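So you can see what is in the structure, the chains are spelled out below.
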Amino acid sequence: MTSSVIGRAGTRNNSRHLGGALLVIATAQLMVVLDATIVNVALPHIQTALGFSGSGLEWVINAYALALGGLLLLGGRAGDLLGRRRMFVAGLLLFSAASLAGGPPAATPGR
């Protein structure tokens with residue numbers, strides 16, 4: 001009887017951790033989807049700023065998808081070697097920094 005109580009308490013504790021992990025993973029997935037959406041929304045500006053044709057814009061999307069896939073493979077292998085949680089946090093920080101660096105500069109009030 002004691003083992004069933006311990007098992008139930010452990011299950012509740014594990015479900016709390018699993019709920020938190022699901023929330024973190026869902027938030028990371030939301031960031032990836034939002035970043036892909038931002039790339040698609042920025043395509044007309046990219047086309048005018050860089051003078052790309054329609055096929056050039058396809059390469060922008062392909063380059064984004066290839067870079068994302070390659071970095072996912074690299075991050076997965078690094079997670080196996082260095083620890084999944086550590087690499088997940090490092091990947092989120094790197095992704096956030098790259099998104100901030102790639103964003104447009106803030107508008108200055110004097111202009």
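Up top is the structure these notes are about.
Everything numeric in this text was worked out from a predicted model, so none of it was measured.

(A) Up close: the overall build of the protein chain. Counting its regular elements, the protein chain contains four helices and zero strands. For the protein chain, the N- to C-terminal ordering of α and β elements is α-α-α-α. Counting across all 111 residues of the protein chain, residues that qualify as buried make up 8%. Counting only contacts in the protein chain whose residues sit at least 6 apart along the sequence, the fraction spanning at least 24 positions is 47%.

(B) Focus on the layout of surface pockets. Approximately 1500 Å³ is the volume attributed to the largest pocket. Counting residues per element, the lining of the largest pocket draws most heavily on helix H1 (residues 2–41), at 13 residues. When its residues are assigned to classes, the lining of the largest pocket shows 24 nonpolar, 10 polar and four charged.

Here is what the cut-offs are and how they apply
- Residues numbered from 1 in each chain as written.
- Predicted model: local features only at pLDDT ≥ 70, side-chain atom pairs only at ≥ 80, totals over all residues.
- Heavy atoms only, no water.
- Helix = DSSP H or I, 4+ residues; strand = E, 2+ residues; numbered from the N terminus.
- Buried < 20%, exposed > 50% of the residue type's maximum accessible area, 1.4 Å probe, protein only.
- Contact = heavy atoms within 4.5 Å.
- 1 Å grid on protein atoms, 1.4 Å probe; cavity = no way out; pocket = protein on both sides within 12 Å on 5 of 7 lines; lining within 4 Å.
- Points joined across faces, edges and corners; volume = space filled by probe spheres on them.
- Nonpolar A, V, L, I, M, F, W, Y, C, P; charged D, E, K, R; others polar.

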